[in-house]
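What follows is the residue order along each chain.
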Amino acid sequence: MNTPSWAGCHVPIITPFKDDYSVDEAGLRKLVNYYIEDVKCDGIVPCGTTGESPTLDHEEHARVIEIVVDECRGRVPIMAGTGSNSTKEAIEMTKHAADAGVQGSLQVCPYYNRPTQDGIRRHFEAIAEATSLPLFIYNIPSRTGRLIEAKTMIALSQVDSIIGMKDACGDLMVTMDIMRETRQGKKKFYVLCGEDALTFPMLALGGDGGILAVSHVIGKEYREMIHLYLAGKIEEAREIHFRTLPMVKTLFIETNPVPVKEALAMMGLPSGKLRLPLAPLQPANRETLRRALQEFGFLKG
């Protein structure tokens, strides 16, 4: 695959588990083909938050990436989640992903350690120095406990192999500060939304698409919305944004990926168990999700 464009709708693919909680390799392969062939996604992101990466051991993490690469067969670019709160571990996982054949890496901000902005910058620079794989920086302070501040992200954007960010900081002022500065650079710096409901507003600011948990369920709609906007068809894109917004809210009725995996099970797609500490959807929320899927036309009766 030539150097890919990272614009568009990327699926942060779930990791389906069997009843014994082992990785459902056949189910994962089925999902890869479904999102490439039926949904027409622009990329796949294995081993992210939605893929329950915190509960995958190192061998499973490596195997999931290998399966996705093997089944994808170069049809869309793969951006593997290989971040860690250990710089050494992140480098090791990123090198493995590069050897497996991915086209990019998603690097989450170090969590729990609570590093300073200087420590955050040094962490990502060390990973970039250790591998030539294109890197995306994932800013999600609601999960990591640390915001990557605008000045830090702007500095990181100047590193050759750091080519974009997944933005889920939840603060458009921070996002706009970053975008204002990085748009002036000589190289392309991709901004992919990671706060699903903000995808349309972020496109309006100059964003390039998103890595979106809701694309498991409404991927066709979100891909169409993104591509319509990028083609200048703003009113049509806005219509999809507002039409899908109730489903987006429902798919976050509990912690991601709990509702998404339940929705896929209802739709007859591979999903399987959740690994603790994630627990099944509460009955009342499950019924809310079922009704939403029915109203959207995904379920009969």
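Residues numbered from 1 in each chain as written. Predicted model: local features only at pLDDT ≥ 70, side-chain atom pairs only at ≥ 80, totals over all residues. Heavy atoms only, no water.

A. Spatial organisation of the packing of helix 2 (residues 58–72) against helix 3 (residues 87–100). Look at helix 2 against helix 3: their axes get within 10 Å of each other, and the N-to-C directions meet at 30 degrees. Considering the angle they form, helix 2 stands roughly parallel to helix 3. By crossing handedness, the relation of helix 2 to helix 3 is classed as right-handed. Of the residues in helix 3, those in contact with H58, H61, A62, I65, E66 and V69 of helix 2 are E89, M93, H96, A97 and A100. When grouped by side-chain class, the residues that make up the contact of helix 2 with helix 3 number 6 nonpolar, 3 polar and 2 charged. (Axes fitted to C-alpha atoms, helices over the stretch in contact; angles between N-to-C directions. Helix = DSSP H or I, 4+ residues; strand = E, 2+ residues; numbered from the N terminus. Parallel < 35°, antiparallel > 145°, perpendicular 65-115°, else oblique. Left-handed = near helix turned anticlockwise from the far one by under 90°. Contact = heavy atoms within 4.5 Å. Nonpolar A, V, L, I, M, F, W, Y, C, P; charged D, E, K, R; others polar.)

B. View of the nonpolar core. Formed by 57 residues in total, the largest nonpolar core has its most connected members in I13, Y35, I44, V102, Y222, L251 and L293. Only strand 1 (8–11), helix 1 (25–38), helix 2, helix 8 (199–204), helix 9 (215–230), helix 10 (234–250), helix 11 (258–266) and helix 12 (283–295) provide two or more residues apiece to this core. A per-element tally of this core places helix 9 first, with 7 residues. If sequence neighbours within four positions are ignored, I13 has contacts with L28, L31, V32, Y35, I44, V45, P46, T50, G51 and H216. Formed by 24 residues, the second largest nonpolar core is a distinct cluster that contains A128, I154, L156 and V191. (Core = buried A, V, L, I, M, F, W, Y, C linked by side-chain atoms within 4.5 Å. Buried < 20%, exposed > 50% of the residue type's maximum accessible area, 1.4 Å probe, protein only.)

C. Structural detail: the pattern of salt bridges. Applying the stated criterion across every chain yields a total of 22 salt bridges. The closest approach of N and O atoms between E71 and R29, which form a salt bridge, is 2.7 Å. Taken together, the positions of E71 in helix 2 and R29 in helix 1 put the pair 42 residues apart, joining distant regions of the chain. Residue classification places E71 among the buried positions, given a relative accessible area of 13%. Overall, R29 belongs to the partly exposed group, its relative accessible area being 22%. The partner of E52 in a salt bridge is K261, and the shortest N-O contact between them spans 2.7 Å. You can see E52 sitting in the loop between strand 2 (43–44) and helix 2 and its partner K261 sitting in helix 11, a full 209 residues away along the chain. Judged by its relative accessible area of 3%, E52 falls in the buried class. Taking the relative accessible area as the measure of exposure, K261 reaches 2% and is therefore buried. Linked through salt bridges whose partners overlap, the residues forming this network are R29, D70, E71 and R73. (Salt bridge = Lys/Arg side-chain N within 4 Å of Asp/Glu carboxyl O.)

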